[in-house]
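# A look at the structure
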Amino acid sequence: MNAAYDIDGLRRQFPILGRTVYGRPLIYLDNAATSQTPECVVDSIVRMYTHTKANVHRGVHGLSQEATDLQEAARERVRAFINAESTDEVIFTRGTTEGINLVASSMGQLLPEGSEVIVSVMEHHANIVPWQLLGKRRGITLRPVAMTADGSLDMDDFRAAFNDRTSMVAMCHVSNVLGTVNPVKEIIAEAHRHGVPALIDGAQAVSHMHVDVRELDADFYVFSSHKMYGPTGVGVLYGKRKWLEMMPPYQGGGEMIGHVGFDGTTFADLPFKFEAGTPDFVGIAALHTAINWLEDTGIGAIAQHEHNLMEHTMAGLEEIPGIRFFGTAPGKAAVISFLVGNEHPYDVGMLLDKLGIAVRTGHHCAQPLMHALGIEGTVRLAFAAYNTIEEADSFTAALKRVAAMLA
């Protein structure tokens, strides 16, 4: 492990890690679902509610100006974090799911009826269902791309998926089940070679690797605050200006208008055109703090720490008779999905919970992937910045105990 990585000091910033569950110290390994939040982010939320709560962009009074400045400073922070060209390309949403729905609903109106959207078999439901809803309205269908035996995207199948009906590519950067890191730069370049835009679901990527949307040349990139040590209910949609200017608004209401009359309405300039209603300006300001925390801690150092934990844990788990791993692609993120023999993942997860260990069980909002794997679900653990080698060893010992109990 990295001796310079101050895991003890880092963990002290997360009070929840000191609690117990069923009388045992909490070992939190459900980080792909949501990460825990450091005190500095919580303090930012409290400070905003107790000192700077006022609606943004609507008041001439000082408090509103302060709140507005904090929100727009967060927008600039996000712009720099992903290297967008302009803050006009940074849209605040409620999360990755809303970001994809926004693009599917709004950009979808620009796609030809009867066209196809290329996705992968490993997509989260959030990158499947919005396109299916669009399909009901405009006859658009999904063309899923297969994967190889180790969980890598089948790039030959991807290239063969394009035809004269292809109008969009929408794929995850990192699989929330397999940990597979998709070659999104190559995916985007191939989409552009065929003259179609690409949306990338970065929910599982931004807290584990540096993301540069201009270097990737992404048309759309979406992610959530709560998976990157920030508050819940806040997300980001990055979109290239040329597409955002063409797209009609996703929702109507206050803030996103230029002028409203009963004979018609004009819309605000970017980015406000897509931000109807009062935003979660408290959470947005706290996202700024979370990004600062993430970069101060070091995304590269965190990723290396997580990778070391994953390799160490998988080596121990391989000793368990009948264990089956799902997702072994080279360079994968620190996610481990597995089954113990034919035991139901819920039974395994429930017993681990009684030992104070939080993991995720089920289909992980990826039922088409489970169908492709020929299973109903898995047990999944995902490491974060604050997990320790001791926790990894405790998990391995606990799983060996559970496997013996169920044998």
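Structure: see above.
By convention here, each chain's residues receive numbers from 1 onward along its written sequence. With the structure being a predicted model, the display of local features is reserved for residues of pLDDT at least 70 and the display and counting of side-chain atom pairs for 80 or more, all residues being used for whole-chain, interface and lining totals. Based on all heavy atoms of the structure, the side-chain values leave hydrogens and waters out of the count.

## A short note on a negative patch on the surface
The line we're drawing: Two distance rules govern patches: like charges are joined within 9 Å, and nonpolar side chains (Val, Leu, Ile, Met, Phe, Trp, Tyr) within 5 Å, applied only to residues with over 30% relative accessible area and no salt bridge. Surface accessibility follows the Shrake-Rupley procedure with a 1.4 Å probe radius. Residue values consider only the protein chains on display as shielding. What counts as a salt bridge is simple: a side-chain nitrogen of Lys or Arg found within 4 Å of a carboxyl oxygen of Asp or Glu. Residues counted as positive are Lys and Arg, residues counted as negative are Asp and Glu, and His and the chain ends are not counted. By convention, the charge on Lys lies at NZ, on Arg at CZ, on Asp at CG and on Glu at CD. The helix count covers DSSP runs of H or I at least four residues long, the strand count covers runs of E at least two residues long, and both are numbered beginning at the N terminus.
A contiguous patch of negative charge on the surface is contributed by Asp 6, Asp 8, Glu 390 and Asp 393. Mapped onto the elements, Asp 6 comes out in the segment before α1 (7–11).

## Side note on the nonpolar core
What tends to happen in soluble globular proteins is that the nonpolar side chains get buried as a cluster. This is how it is decided: What we call a nonpolar core is a set of buried Ala, Val, Leu, Ile, Met, Phe, Trp, Tyr and Cys residues that are connected through their side-chain atoms within 4.5 Å. Accessibility here uses a 1.4 Å probe with only protein chains present; expressed as a share of the type maximum, an area under 20% marks a residue as buried, one over 50% as exposed, and anything in between as partly exposed.
Among the nonpolar cores identified, the biggest contains 68 residues, and Val 78, Phe 158, Val 169, Tyr 221 and Tyr 229 are the most heavily contacted of them. Ile 27, Leu 29, Leu 355 and Phe 395 belong to the second-largest nonpolar core, a separate cluster that totals 26 residues.

## Comments concerning the sheet that holds strand β13 (residues 323–326)
The cut-off we apply is this: When DSSP locates at least two bridges between a pair of strands, those strands are taken to pair. An axis is simply a line fitted to the C-alpha atoms; with a helix, the fit covers only the stretch in contact. Between two such axes, the angle follows the N-to-C directions and lies from 0 to 180 degrees. Here, two residues are considered to be in contact whenever any of their heavy atoms come within 4.5 Å of each other.
Pairing is antiparallel across the open sheet formed by four strands, whose spatial order is β13-β14-β17-β16. Two strands lie at the open edges of the sheet, namely β13 and β16 (360–362), each paired on one side alone. Strand-to-strand, the axes of this sheet are offset by a mean angle of 30 degrees, without reference to chain direction. Here three bridges tie β16 to strand β17 (residues 378–382), and the two strands are oriented antiparallel to one another. Note on β17: the bridge partner recorded for Thr 361 is Val 379. Sitting on the sheet, helix α12 (residues 345–354) touches β14 (335–340), β16 and β17, and the angle it makes with β16 is about 160 degrees. Running at roughly 15 degrees to β14, helix α14 (residues 389–406) makes contact with β13, β14 and β17 of the sheet.

## Re the side chain of Thr 396
On the secondary structure map, Thr 396 appears in helix α14. Judged by its relative accessible area of 8%, Thr 396 is buried. Setting aside its immediate chain neighbours within four residues, Thr 396 contacts Thr 313, Gly 316 and Leu 317.

## Quick look at the pattern of salt bridges
The final tally for this structure, using the stated rule, is 19 salt bridges. Where Glu 116 meets Arg 143, a salt bridge forms, and the shortest distance between an N and an O atom there is 2.9 Å. Here Glu 116, found in strand β5 (residues 116–120), pairs with Arg 143, found in strand β6 (residues 141–145); they are 27 residues apart in sequence, far enough to count as distant. Using a relative accessible area of 6% as the deciding quantity, one classes Glu 116 as buried. The salt bridge partner of Arg 193 is Glu 190, with a shortest N-O separation of 3.0 Å. Of this pair, Arg 193 and Glu 190 are both found in helix α7 (residues 184–193), three residues apart, which corresponds to roughly one turn of the helix. The class for Glu 190 is buried, based on a relative accessible area of 12%. Look at the salt bridges and you will find they share partners, linking Asp 30, Arg 360 and Arg 380 into a network.

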